[in-house]
Amino acid sequence: MSGTPSLPRILVVDDDRAFRLSSAELLRQDGYEVIGVEDGNAAVAALRDGSYDLVLLDLRMPGADGLRVLETLRTWGESTPILMITGYGSIDTAVRALHLGGDDFLTKPVDPDLLSSRVAELLERRPSARRIDEESLKGVVGRSPAMQTVFEAVRTVAATDATVLLMGETGTGKEIVAHAIHDLSPRKERAFVPVNCASFAEGVLESELFGHVRGAFTGAVRDKTGYFEAAHGGTILLDEIGDIGPSVQQRLLRVLQERQIVAVGDTRPRPVDVRVIAATNRKLEQEIARGAFREDLYYRVNVFRIELPPLRARQSDIPLLVESVVQRLRDADTMFERLSCSPLAMRLLRTYGWPGNVRQLFAVVESAAIRAGGGRIEAQYLPDEIRLGDRDRVSDGERYRTVAEADERSMIVTALVEAHGVKARAAELLGMGRTTLWRKMKQYGLE
């Protein structure tokens with residue numbers, strides 16, 4: 001029996017009838033097809049006979065418990081995400097479940113909003129969903145609504161020859177998106193030429209973009225082909241276009257209007273067939289207002305505009321982005337073949353603000369993977385600003401005030417699981433004092 005393709009199927013396994021029914025109803029309201037069973041034997045039968053996108057699994061049940069179900073499913077080679085339900089008193093069981101291949105867990109009593117968000121995140125991280133995104137958008141990763149809007153725009157404009165303006169903060173992946181547009185376009189067999197305009201002085205940038213003839217200036221001992229000619233038939237990315245000076249802006253306007261270039265020191269125009277993608281982290285409207293950017297050039301590059309969201313606006317994509325880095329490292333070096341990320345480390349990554357966006361996330365994960373020796377990325381391998389929080393904004397005793405209470409409770413339990421119940425070690429992982437941890441455990445009923 002198979003579910004409706006557009007409606008993910010979830011199996012809820014719990015001997016607590018009230019929890020099973022309430023969880024099933026909540027998940028149905030979230031738009032999923034839900035089947036509920038009351039014990040491990042029924043769960044194994046259901047999993048043998050049907051296909052499910054996620055299993056919500058109670059670890060402590062009479063008869064075949066959750067561990068037995070988990071072990072059976074992984075023995076079959078199934079990669080179905082498993083969200084486990086446990087109690088604080090089941091620390092050892094939770095540790096074993098994680099080692100057997102459980103994906104995440106929540107503790108009873110389960111907060112409904114937290115359950116909804118965890119289920120959504122695990123469904124987004126499914127390998128099948130990841131393959132769809134990576135294959136269709138050439139490495140642009142994300143399942144959040146914000147990124148789906150970007151994907152739709154990329155697919156729409158890629159088939160055309162329109163000039164594209166990519167707007168977004170530093171590190172949001174503008175070059176990756178530009179490359180995806182090129183790879184999905186009719187020009188994909190020709191060159192993709194990225195140029196960081198901010199890395200050249202204005203006089204040098206003119207020569208780099210448009211080329212020069214011998215004798216054009218001191219040191220010009222031979223003719224030089226510029227980036228525009230190198231991209232003939234393909235695509236050129238003018239990254240940081242908001243940083244170019246007036247002389248280059250004027251020349252660029254002519255290229256966009258006439259599809260011709262004139263090399264520095266030459267008078268003869270040369271035709272070029274190039275698709276232009278521009279990118280900037282500046283607000284070009286503000287640059288126009290202060291006279292730093294030509295308004296007529298702005299209208300030429302702003303034909304089709306795509307705004308890339310900062311990572312803090314799509315935090316549900318973080319597990320998928322982390323997995324993409326992990327998979328890339330696994331593929332590149334056998335040192336990382338067993339690389340993974342602990343639940344606590346993942347939650348810390350999800351609650352950080354990421355001022356450097358996706359680029360910063362990738363660097364942090366790669367650094368942590370090296371510190372972990374290619375094994376499991378634990379919280380202790382993350383930078384202090386992520387592991388300990390912002391000391392300038394909050395006191396040591398209140399570092400986790402920025403995390404919702406329900407999620408904070410879950411993070412504490414996760415740390416206790418990873419520390420095998422040793423409170424001093426859990427406090428160290430969380431970056432808080434032992435007194436603070438004991439107080440919070442009392443606050444959340446975890447004594």
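These notes cover the structure that comes with them. Note that the structure is predicted; figures quoted are calculated from it, not measured. (Residues numbered from 1 in each chain as written. Predicted model: local features only at pLDDT ≥ 70, side-chain atom pairs only at ≥ 80, totals over all residues. Heavy atoms only, no water.)

### Some details on the sheet that holds strand β4 (residues 82–86)
Taking strand neighbours across the sheet as the criterion, the five strands line up as β2-β1-β3-β4-β5 in an open arrangement whose pairing is parallel. In this open sheet, the two strands that pair with only one neighbour each are β2 (33–37) and β5 (104–107). Direction aside, the axes of adjacent strands within the sheet are offset by 20° on average. Inspection of the sheet shows strand β1 (residues 9–13) paired to strand β3 (residues 54–58) by four bridges, in the parallel sense. Bridged to Val-12 within β3 is Leu-56. Most of the contacts of helix α2 (residues 40–49) go to β1, to which it runs at about 165°, and overall it touches β1, β2 and β3. (Pairing = 2+ DSSP bridges. Helix = DSSP H or I, 4+ residues; strand = E, 2+ residues; numbered from the N terminus. Axes fitted to C-alpha atoms, helices over the stretch in contact; angles between N-to-C directions. Contact = heavy atoms within 4.5 Å.)

### Some details on the sheet that holds strand β11 (residues 275–280)
Adjacent strands of a sheet pair through backbone hydrogen bonds, lying either parallel or antiparallel. The sheet built from five strands is open, its strands ordered β7-β8-β11-β6-β12 with parallel pairing. The sheet terminates laterally at β7 (192–196) and β12 (304–307), the two strands that pair on one side only. Mean inter-strand twist for the sheet, computed between neighbouring axes without regard to direction, equals 20°. In this fold helix α8 (residues 174–183) packs onto β6 (164–167), β7, β8 (235–239), β11 and β12, with an angle of close to 155° to the strand it touches most, β6.

### So, the packing of aromatic side chains
Evaluated as defined, the whole model comprises three aromatic pairs. Note on Tyr-298 and Tyr-299: the rings are 5.6 Å apart at their centroids and 55° apart in plane angle, and the pair reads as tilted. Owing to a relative accessible area of 8%, Tyr-298 belongs among the buried residues under this scheme. Positioned above the aromatic ring of Tyr-52, the side-chain terminus of Arg-9 is 4.6 Å from the ring centre. (Phe/Tyr/Trp six-rings, centres within 6.5 Å; stacked < 30°, edge-to-face > 60°. Buried < 20%, exposed > 50% of the residue type's maximum accessible area, 1.4 Å probe, protein only. Lys NZ or Arg CZ within 6 Å of the ring centre and 35° of its normal.)

### A few points about unusual backbone geometry
One non-glycine residue, Trp-354, adopts positive backbone phi at about 50°. Tracing the backbone through its elements, the reader meets Trp-354 in the loop between α15 (343–351) and α16 (357–371).

### Let's talk about the nonpolar core
With 41 residues, the main nonpolar core has Leu-349, Trp-354, Leu-361 and Leu-382 as its most contacted residues. The element that contributes the greatest number of residues to this core is helix α14 (residues 318–332), accounting for seven residues. Ignoring any residue separated from it by four or fewer positions in sequence, one finds Leu-382 in contact with Ala-345, Leu-348, Leu-349, Val-364, Ala-368, Ile-377 and Arg-387. Within the second largest apolar cluster, 29 residues are counted, among which are Phe-210, Leu-256, Ala-278 and Leu-297. (Core = buried A, V, L, I, M, F, W, Y, C linked by side-chain atoms within 4.5 Å.)

### Digging into α14
The terminal C-alpha atoms of α14 lie 21 Å apart, and with 15 residues this matches the ideal 21 Å at 1.5 Å per residue to within 8%. Listing the buried residues of α14 in full gives Ile-318, Pro-319, Leu-320, Leu-321, Val-322, Ser-324, Val-325, Val-326 and Leu-329. (Expected span 1.5 Å × (residues − 1).)

### Some details on the pairing of β3
By the criterion of burial, β3 is predominantly enclosed, with five of the five residues buried. A two-sided burial pattern is seen for β3, the buried positions comprising Leu-54, Leu-56 and Asp-58 on one face and Val-55 and Leu-57 on the other. Bridge analysis of β3 against β4 gives four bridges, and the strand direction is parallel. For Leu-56, the partnering residue across the bridge sits in β4 and is Leu-83.

### Here's the deal with the pattern of salt bridges
Side-chain pairing between opposite charges can occur once the charged atoms of the two side chains come close. On inspection of all chains with the given rule, the structure shows 19 salt bridges. One salt bridge in this structure joins Arg-425 and Glu-428, with 3.4 Å as the shortest N-O distance. Here Glu-428 and Arg-425 lie together in helix α19 (residues 423–430), a separation of three residues that amounts to about one turn. The exposure class assigned to Arg-425 is partly exposed, which follows from its relative accessible area of 26%. (Salt bridge = Lys/Arg side-chain N within 4 Å of Asp/Glu carboxyl O.)

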